[in-house]
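What the coordinates show
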Amino acid sequence: GGEPGGILYGQQVRDVSSAVDFLEEQYTPSRLSLVGSSMGAATAILHAARRPYKLACVVLIASPSNTLQYVSDFMSEDQIREWKKTGMWESGGNRVGYGFLDDARSFNILESTRLLHLPTLVLHGSGDEMVPLRCAQDIFGVLPKTRSLVILNKADHQFTKDGDRERVVSLCLNWCLTFGV
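Residues numbered from 1 in each chain as written. Predicted model: local features only at pLDDT ≥ 70, side-chain atom pairs only at ≥ 80, totals over all residues. Heavy atoms only, no water.

Along its length, the chain carries eight helices and six strands. For the chain, the C-alpha radius of gyration of 17 Å lies close to 16 Å, the compact-globule estimate for 181 residues. Dimensions of the chain along its principal axes, counting C-alpha atoms only, are 50 × 40 × 30 Å. Approximately 9,600 Å² of the chain is accessible, and the part contributed by carbon and sulfur atoms is 51%. Computed over 18 positive and 20 negative side-chain charges, the separation of the two mean positions in the chain equals 5 Å. (Helix = DSSP H or I, 4+ residues; strand = E, 2+ residues; numbered from the N terminus. Rg over C-alpha atoms; globule rule 2.2 N^0.38 Å. Areas by Shrake-Rupley, 256 points an atom, 1.4 Å probe, with all protein chains shown as cover. Lys, Arg positive; Asp, Glu negative; His and termini not counted. Charge placed at Lys NZ, Arg CZ, Asp CG, Glu CD.)

The next subject is the environment of glutamate 90. Mapped onto the fold, glutamate 90 is located in strand S3 (residues 88–91). As a C-alpha pair, glutamate 90 and serine 33 span 57 residues in sequence and 34 Å in three-dimensional space.

Mapped onto the elements, serine 112 comes out in helix H6 (residues 109–114). Serine 112 has contacts with Ile45, Leu46, Ala49 and Arg50, leaving out every residue within four places of it along the chain. (Contact = heavy atoms within 4.5 Å.)

Looking now at the sheet that holds strand S6 (residues 147–152). The four strands are arranged S1-S2-S5-S6 in an open sheet whose pairing can be described as parallel. Edge positions in the open sheet fall to strand S1 (33–37) and S6, since each of these has one partner strand only. On average, each strand axis in the sheet is tilted by 10° relative to the strand beside it, whichever way the strands run. By the bridge criterion, four bridges tie strand S2 (residues 57–61) to strand S5 (residues 120–125) in an arrangement that is parallel. Counterpart to valine 59 in the pairing with S5 is leucine 121. Against the sheet, helix H2 (residues 39–50) engages S1 and S2, with an angle of about 145° to S1. Sheet strands in contact with helix H8 (residues 164–180) are S1, S2, S5 and S6, and its direction is about 165° off that of S2. (Pairing = 2+ DSSP bridges. Axes fitted to C-alpha atoms, helices over the stretch in contact; angles between N-to-C directions.)

Time to look at the nonpolar core. Counting residues in each nonpolar core, the largest one holds 33 residues, and the members touching the most others are Tyr9, Leu60, Val71, Trp83 and Phe100. Of all the secondary structure elements, the ones that give two or more residues to this core are helix H1 (9–27), H2, S2, helix H4 (77–86), helix H5 (99–105) and helix H7 (133–142). With near-sequence residues (within four places) excluded, tyrosine 9 lies in contact with Met39, Ala42, Thr43, Leu46, Pro64, Thr67, Phe100, Asp103, Ala104 and Phe107. Val59, Ala155, Val168 and Trp175 belong to the second largest nonpolar core, which has 14 residues in total. (Core = buried A, V, L, I, M, F, W, Y, C linked by side-chain atoms within 4.5 Å. Buried < 20%, exposed > 50% of the residue type's maximum accessible area, 1.4 Å probe, protein only.)

Bringing the packing of H1 against H2 into the picture now. At their nearest, the axes of H1 and H2 sit 9 Å apart, and the two run at 70° to each other. Here H1 is positioned roughly perpendicular relative to H2, judged by the angle of their axes. Where H1 crosses over H2, the handedness of that crossing is right-handed. Residue-level inspection shows Tyr9, Gln12, Val13, Val16, Ser17 and Val20 of H1 in contact with H2, the latter providing Met39, Ala42, Thr43, Leu46 and His47. Residues belonging to the contact of H1 with H2 are distributed by class as follows: seven nonpolar, four polar and no charged. (Parallel < 35°, antiparallel > 145°, perpendicular 65-115°, else oblique. Left-handed = near helix turned anticlockwise from the far one by under 90°. Nonpolar A, V, L, I, M, F, W, Y, C, P; charged D, E, K, R; others polar.)

As structure tokens, this is what we get:
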């Protein structure tokens, strides 16, 4: 749910927390694994850092290491000023309200990652056109516990090349079965 252009990290974290609560209340799973991709991976970090006791492990796929990653990597200062003036940024058919900036500034992905004392798998494609590989390296570098970094050679942001998606799914399943069951 929600309004077009109203995507916010704060709301994403609340949504994940609600989903985890629902699963725990309705199904009483013995171990929950949290898997997220792109902004969803950043959201997984932000949730897991605050409520790790309900999770067994985390898988982060193509995660930004900064909530303002997309803004800083793809927008000029003039574009940001125009965004503030109009209240809405449109790119590739997506609309994002200017409130995203204020919300994003209130979260720190790397600081939250430092609090992630859960087995964490970091997956990233070396050919990711949206989130630089250095983000995965930064995240991996501050993870405090059981962790693994897998870089898929020449894989893009959505792992669309032959075999990439299947490899990601296999790696995720193996990690979750190892640490989540």
